[in-house]
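Structure at a glance
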Amino acid sequence: MSSTEHVQTIEQLARPTPLLIRHSPYFIGAAIVVALAASASFDGYILNILMQATTFAIAVFGLSVVLGLCGQINLAQAAFFGFGAYAVGIGTADYQISYWLCLLAGCIMALLAGAVLGMTTLRLGGHYLAMVTISFQQVVTLVMINAIWLTHGPDGVGKIGRPALFQSSQSYLAFCVAMLALVGYLVWHLPDTRLGRAMRAVRDNELAAGVNGIDVFRTKIYAFAICAVLGGLGGGLFAGGFAYISPDQFSFAESIVFLTMSLLGGVASPIGSAIGTGLLILIPEWLRFLKSVPGLYLAIYGLSVILIIRYMPDGIWGFVTTFFDRFRRKVKLPAEGLPLVLAPAKTGGEMVLEVTGLAKHFGGLKAVDDVDIAVRRGGVHALIGPNGSGKTTTLNVLSGLYEATAGRVLLDGTDVTTMPPHLRAAAGLGRTFQNIRLFRSMTALENVIIGAERPGNTLIGNGGEAALTLRAMAALAFVGLGPRANELISSFSYGHQRLIEIARALAANPTLLLLDEPAAGLNSTEKLELHELLKRIAAQGLTILIIDHDMTLVSEAAQHITVLNFGRRIADGESMAVLRHPDVVSAYLGTD
Ligand code: ADP
Ligand code: MG
């Protein structure tokens, strides 16, 4: 990045140009396209294709949110599309209700259905989620076909109304294009909002998302509900556009078409969704001349989809962005960094962490058994023990990834024993992982921003984008990686990835920092650097509980040591005394 791209002062970064002004080129462009759609005189055939493409694209944008951003599958998008379409269809044709009210009702129904479906199934994840969404899709289709009194069954609904303002097909198309532009704008900017970042974090690494303060379950529900409401909106617009709808337009097969559109174009971006939608509507039209040979048309169609997905797993737009890095969005970095401030909260007494009688059993295996740990405020406390002695399991129970079999955990005076990980993070618990868990599709800066926006972090001012960026940059500069903030995680060495994980935890301004073998996998130079870094962190008064095998590091850095062996605490106390303890010596070196 050249220096001209740097923002020159912190003030400039803190006072960005208002969003609407910054993005005015987009809206001017969109207005021109809408004007063209309104004024051009397309023949009916072209008009129908464009109407279908615009309304489908809105539904496919929904999939780019739920699948692309949040990594959750939804095989019922046609059902949500149907909610909108039938609300507008039945409402305007059978009950003469205003188009706008019907469209709104359709969106709300889709939203509620999506949220309820999400709440009941998103804890399952993976294959179960796929199966439940398929079942939901089938139920909706059955209702459309069989609830004849309401939906007219297989006959479908005709004479669907449009708003008075957009009676002609041309003007209605312009309206759909305007809606598409608006939704596209929102979906395009979603990834850079707090919610969007949370979705990407959940997609990349659920465990790391949770311990960084993200409510994983709620984030998934939001993603699912947004997807559903965009399905409903697309469907409502579709019904007005074609004036006739029938159940076969909202079947499982259509859900697969929506999914293919998003995968083909590139599920990670609305641009990809738009490309995929356009192609899958146009390709069948282009191949129409083949329809004289039965089967050939379908074969070529299927083959081209398979080839594209096989050779461009991230879709067409994903392919483009991988090859042309400049399409990747980059944040302007402040030229001068602020020093990292750590101001750990102090609500409890002398002990930041009080663990009593902690146990974690896996079936018959007592991985952790009746362990007490008391971590003094402002100190470095080491947790050591041979491989498999239960150190990582202890940390996992402390951070809420595992439910404790028995025992009690007090964090800064608060009982956190039964809290989920994101609430423990909010209560001031930060951690890193033995096997690094970063958000791999994001930049170093984005990773650390997620740390910085921990609920309860008092050092991010108004919590705005600029304040978060400054905080994250300070943390990255603290570990020596400031200038590389805009690089993707994959371009960092293993040692540097460890540092980014530490920076992510520091940016959150935790009350207690848990470090699980931060020196594992580092070479000797990197270990020395890490050692220095830990000293600088401890000098700021942050309390640290560290797991490490390096006895030199442990004896120098830690004032207090707890030793585990076979899940039980075998020694605990002041460092030098513990390291000379005969049980500790024999656990590490063998009895003789
Ligand atoms: P350490 O970090 O001290 O090397 P761990 O806490 O990772 O040890 O593991 C302690 C014991 O618990 C080991 O025997 C390990 O196999 C077992 N263990 C850890 N996690 C699980 C799990 N999720 N399911 C079953 N056993 C586990
Ligand atoms: Mg371990």
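Here's what I pulled together on the structure shown here. (Residues numbered from 1 in each chain as written. Chains lettered and ligands numbered in written order. Predicted model: local features only at pLDDT ≥ 70, side-chain atom pairs only at ≥ 80, totals over all residues. Heavy atoms only, no water.)

The next subject is the overall build of the protein. Along the backbone of the protein there are 25 helices and 10 strands. Seen through its C-alpha atoms, the protein measures out along the principal axes to roughly 90 × 60 × 45 Å. Counting the 592 residues in the protein, one finds 52% classified as buried. Long-range contacts, defined here as pairs at least 24 residues apart, represent 75% of the contacts in the protein between residues at least 6 apart. Entry remark: accessible area of the protein is about 25900 Å², with carbon and sulfur atoms responsible for 64%. One way to put it: in the protein the 41 positive side-chain charges average out to a point 3 Å from where the 40 negative ones average out. (Helix = DSSP H or I, 4+ residues; strand = E, 2+ residues; numbered from the N terminus. Buried < 20%, exposed > 50% of the residue type's maximum accessible area, 1.4 Å probe, protein only. Contact = heavy atoms within 4.5 Å. Areas by Shrake-Rupley, 256 points an atom, 1.4 Å probe, with all protein chains shown as cover. Lys, Arg positive; Asp, Glu negative; His and termini not counted. Charge placed at Lys NZ, Arg CZ, Asp CG, Glu CD.)

We now examine the site of ligand 1. The full set of residues close to ligand 1 is Phe-362, Leu-365, Ala-367, Pro-386, Asn-387, Gly-388, Ser-389, Gly-390, Lys-391, Thr-392, Thr-393 and Tyr-402. Here an oxygen atom of ligand 1 and a side-chain polar atom of Thr-393 are 2.5 Å apart. A distance of 3.1 Å separates a nitrogen atom of ligand 1 from a polar side-chain atom of Tyr-402. Expressed as a share of its isolated accessible area of 560 Å², the protein-covered part of ligand 1 is 63%. Of all the secondary-structure elements, those providing two or more residues to the shell around ligand 1 are strand S2 (365–376) and helix H17 (391–398). Of the residues belonging to the shell around ligand 1, the class tally is 5 nonpolar, 6 polar and 1 charged. (Near = heavy atom within 4 Å. Polar contact = N/O pair within 3.5 Å; in protein donor to acceptor, adjacent residues only side chain to side chain. Nonpolar A, V, L, I, M, F, W, Y, C, P; charged D, E, K, R; others polar.)

Our focus in this paragraph is the side chain of Ser-255. Of note, Ser-255 is situated in helix H13 (residues 252–265). Judged by its relative accessible area of 1%, Ser-255 is buried. Here the side chain of Ser-255 touches Gln-77 through a polar contact of 3.3 Å, landing on its backbone nitrogen.

Attention shifts here to the layout of surface pockets. Considered as a void within the structure, the second largest pocket measures approximately 670 Å³ in volume. Secondary structure elements with two or more residues in the lining of the second largest pocket: helix H3 (24–39), helix H4 (44–69), helix H9 (169–189) and helix H14 (270–286). (1 Å grid on protein atoms, 1.4 Å probe; cavity = no way out; pocket = protein on both sides within 12 Å on 5 of 7 lines; lining within 4 Å. Points joined across faces, edges and corners; volume = space filled by probe spheres on them.)

Right, let's get into the pairing of strand S7 (residues 512–516). For S7, a buried count of 5 out of 5 residues is recorded, marking the element as mostly surrounded by other parts of the structure. Every second residue of S7 is oriented toward a common face, with Leu-512, Leu-514 and Asp-516 on one face and Leu-513 and Leu-515 on the other, all of them buried. Where strand S6 (residues 429–431) and S7 come together, 3 bridges link them in parallel fashion. Considered in S7, the bridge of Leu-429 is made with Leu-512. Pairing of S7 with strand S8 (residues 543–547) involves 5 bridges; the strand directions are parallel. (Pairing = 2+ DSSP bridges.)

Attention now goes to the pattern of salt bridges. Applying the stated criterion across every chain yields a total of 13 salt bridges. A salt bridge links Arg-200 to Glu-446, with the shortest nitrogen-to-oxygen separation between them at 2.9 Å. Here the residue Arg-200 occupies a position in helix H10 (residues 194–204), and Glu-446 occupies one in helix H19 (residues 444–452), the gap between them amounting to 246 residues. Overall, Arg-200 belongs to the buried group, its relative accessible area being 9%. Among the ionic pairs, Arg-377 bridges to Asp-412, the shortest N-O distance being 2.6 Å. On the criterion of sequence distance, the pair formed by Arg-377 in the loop between S2 and strand S3 (380–384) and Asp-412 in the loop between strand S4 (406–411) and strand S5 (414–415) is long-range, its members being 35 residues apart. What makes Asp-412 buried here is its relative accessible area of 4%. A cluster of three or more residues bridged by salt bridges with shared partners is formed by Arg-197, Glu-453 and Glu-465. (Salt bridge = Lys/Arg side-chain N within 4 Å of Asp/Glu carboxyl O.)

Quick look at the side chain of Ser-269 now. Secondary-structure assignment places Ser-269 in the loop between H13 and H14. Given the relative accessible area of 8%, Ser-269 is considered buried. Only 3.0 Å separates the side chain of Ser-269 from the backbone nitrogen of Ile-271, close enough to count as a polar contact. If we skip the residues at most four places from it in the chain, Ser-269 touches Ser-64, Trp-188 and Trp-317.

Further remarks concern the packing of H19 against helix H21 (residues 494–507). Orientation of H19 relative to H21, taken along the N-to-C sense of each, is 30 degrees, at an axis distance of 6 Å. Relative to H21, H19 is oriented roughly parallel. In the crossing of H19 with H21, the sense of the turn from one axis to the other is right-handed. Contact residues: H19 offers Ala-444, Asn-447, Val-448, Gly-451 and Ala-452, while H21 offers Ile-500, Ala-503, Arg-504 and Ala-507. Its residues placed into classes, the contact of H19 with H21 shows 6 nonpolar, 2 polar and 1 charged. (Axes fitted to C-alpha atoms, helices over the stretch in contact; angles between N-to-C directions. Parallel < 35°, antiparallel > 145°, perpendicular 65-115°, else oblique. Left-handed = near helix turned anticlockwise from the far one by under 90°.)

In this structure the tally under the stated criterion is 22 aromatic pairs. Plain terms: the ring middles of Phe-81 and Phe-250 are 6.0 Å apart, the flat faces sit at 45 degrees to each other, and that makes the pair tilted. Highlighted residues: Phe-81 in helix H5 (residues 77–94) and Phe-250 in the loop between helix H12 (216–242) and H13, separated in sequence by 169 residues. Just as Phe-81 is buried, Phe-250 falls in that class too. Cluster of aromatic residues (ring-pair linked, three or more members): Phe-56, Phe-81, Tyr-86, Phe-238, Phe-242, Phe-250 and Phe-258. The ring of Phe-217 carries the charged tip of Arg-123 above its face, separated from the ring centre by 3.7 Å. Just above the ring of Phe-433 sits the side chain of Arg-431; from NZ or CZ to the centre is 4.2 Å. (Phe/Tyr/Trp six-rings, centres within 6.5 Å; stacked < 30°, edge-to-face > 60°. Lys NZ or Arg CZ within 6 Å of the ring centre and 35° of its normal.)

Moving on: the coordination of the magnesium ion (ligand 2). Around the magnesium ion (ligand 2), the donor atoms from the protein are Thr-392 (OG1) and Gln-434 (OE1), and they sit 2.0 to 2.2 Å away. One end of the pair, Thr-392, is in helix H17; the other, Gln-434, is in the loop between S6 and H19, and 42 residues separate them in sequence. Using a relative accessible area of 26% as the deciding quantity, one classes Thr-392 as partly exposed. (Donors = N, O, S within 2.8 Å, 3.2 Å for Na, K, Ca; no water.)

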